[in-house]
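Examining the three-dimensional arrangement
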Amino acid sequence: MLSCLTHFECTRTGAKYPRGALLTLSDAGAPLFARYDLERAAATLSRASLRGRRADMWRYAEVLPDWAGAAPLSLGEGWTPLAEVERLRDALRCPHLFIKDESSNPTGSFKARGLSCAVNGALARRATAFAVPTAGNAGGALAAFAAAAGVPAHVFMPADTPAAFALECRAFGATVELIDGLIDECGRQVAARAPKAGWHNVSTLKEPFRVEGKKTMGYEVAEQLAFELPDVIVYPTGGGTGLIGMWKAFDEMEELGWIGSRRPRMVSVQAAGCAPIVQAFADGADAAAPWPDAHTVASGLRVPSAVGDFLMLRALRDSGGHALAVEDDAMLAAGRELARLTGIFPAPEGGAALAALYRLLDEGLVDRDERIVLFNTGSGYKYADAYLR
Ligand SMILES: Cc1ncc(COP(=O)(O)O)c(C=O)c1O
């Protein structure tokens with residue numbers, strides 16, 4: 001087995017949990033982090049060893065969960081392009097701008113990374129059925145991996161989620177429950193039903209492996225930039241797994257001896273209609289208050305309260321970063337501009353990242369000469385309803 005996973009650790013108390021357990025939250029109700037024997041990992045996983053490895057996120061197998069069969073169940077997730085976007089660079093006068101384009105993942109979003117790890121890790125720990133509350137993309141990704149594994153998936157999504165998301169889940173054979181409420185209400189229903197029904201709950205950060213999949217974005221950005229991390233990462237944030245995962249990846253890579261202690265400034269982008277992390281960041285708070293009446297066309301950003309809020313806020317502050325919110329009209333306009341200048345059709349969440357970059361440049365929070373990585377977290381194709389506005 002390649003995985004050097006040793007145990008799990010509570011992100012609040014540091015309590016340890018055994019490697020073989022099928023876990024959700026810690027006893028303190030906080031997210032768990034997977035921990036690895038990085039010294040053992042470094043024996044086979046070196047920067048040079050990556051050349052010639054498989055062209056998906058499982059190239060980092062030593063620092064990912066173990067799996068059940070001979071090879072991880074995979075649809076080719078990860079190892080997405082770090083696009084050089086020449087015309088967008090010229091338009092913005094940012095010569096060192098890159099777009100990490102997650103739309104090319106299976107099911108069209110970065111959610112495939114997290115759900116791949118969650119399903120593989122849980123199947124290795126004898127899970128037999130899965131459930132997830134979702135803003136859309138996570139449901140599609142779970143449904144796809146469950147289809148590939150031949151196990152049942154139960155997807156709970158707000159009834160007003162764009163139609164393509166439910167359609168996709170059902171095509172993969174998942175059971176879809178449309179809920180009158182937001183993702184937090186979906187989460188409550190999954191939590192209430194999962195134990196009795198025998199479903200493994202793979203809600204964001206409420207099991208330890210989705211964040212492991214998301215952290216591979218940090219490994220890839222480093223590898224694709226020859227291990228010189230960028231100055232700034234601009235990331236559209238809902239539950240925050242990607243931000244938290246990349247931050248974890250940087251620490252692991254430092255311990256592996258791949259990078260030094262310098263870190264990018266992490267910038268969290270949220271929607272003006274749902275910005276709990278932006279508010280908490282501005283208030284200097286360690287945790288975020290639930291956002292009332294959350295609304296935005298970027299369904300992935302419609303997360304009124306996040307279990308990993310304290311981890312996100314810590315990463316933003318430790319990195320010297322920032323948090324800002326953009327209006328829906330601005331994110332859709334920026335999404336169209338991004339499409340027109342790059343050939344990448346982004347999810348509104350990706351548009352939000354570009355809309356945020358305009359502001360960061362205007363306000364002098366980012367210099368045009370800096371090395372900037374902007375995340376397009378998903379494909380625009382499932383968001384026709386939003387772009388038709
Ligand atoms: C396209 C897209 N972008 C961003 C997000 C937010 O992701 P995270 O949980 O990593 O903050 C989501 C979540 O649903 C999403 O679907």
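Figured I'd write up the structure that's included with this text. (Residues numbered from 1 in each chain as written. Predicted model: local features only at pLDDT ≥ 70, side-chain atom pairs only at ≥ 80, totals over all residues. Heavy atoms only, no water.)

Concerning the overall build of the chain
- A count of helices and strands for the chain gives 13 helices and 13 strands.
- Relative to a compact globule of 389 residues, whose C-alpha radius of gyration would be 21 Å, the chain shows 19 Å and is just as compact.
- Projecting the C-alpha coordinates of the chain onto the three principal axes gives extents of approximately 50 × 50 × 40 Å.
- Residues classed as buried in the chain amount to 62% of the 389 residues present.
- Contacts in the chain between residues far apart in sequence, at least 24 positions, make up 70% of those at least 6 positions apart.
- Accessible area of the chain: about 14200 Å², with a carbon and sulfur share of 51%. (Helix = DSSP H or I, 4+ residues; strand = E, 2+ residues; numbered from the N terminus. Rg over C-alpha atoms; globule rule 2.2 N^0.38 Å. Buried < 20%, exposed > 50% of the residue type's maximum accessible area, 1.4 Å probe, protein only. Contact = heavy atoms within 4.5 Å. Areas by Shrake-Rupley, 256 points an atom, 1.4 Å probe, with all protein chains shown as cover.)

Observations regarding the site of the ligand
- Inspection of the region around the ligand gives 17 residues, with Lys111, Tyr235, Gly238, Gly240 and Thr377 positioned closest.
- A distance of 2.6 Å separates an oxygen atom of the ligand from a polar backbone atom of Gly240.
- At a separation of 3.2 Å, an oxygen atom of the ligand approaches a polar side-chain atom of Thr241.
- Burial of the ligand by the protein amounts to 98% of the accessible area it has alone, namely 400 Å².
- Looking at the shell around the ligand residue by residue, the class counts come to five nonpolar, nine polar and three charged. (Near = heavy atom within 4 Å. Polar contact = N/O pair within 3.5 Å; in protein donor to acceptor, adjacent residues only side chain to side chain. Nonpolar A, V, L, I, M, F, W, Y, C, P; charged D, E, K, R; others polar.)

What to know about the sheet that holds strand S2 (residues 16-18)
- If you walk across this open sheet you meet the three strands as S2-S1-S3, and the pairing is antiparallel. Unpaired on one side and paired on the other, S2 and strand S3 (32-36) mark the two borders of the sheet. Neighbouring strand axes in the sheet, compared pairwise and without regard to direction, differ in orientation by 35° on average.
- By the bridge criterion, three bridges tie strand S1 (residues 5-10) to S2 in an arrangement that is antiparallel. Each bridged residue has a counterpart across the sheet, and for His7 the counterpart in S2 is Pro18. (Pairing = 2+ DSSP bridges. Axes fitted to C-alpha atoms, helices over the stretch in contact; angles between N-to-C directions.)

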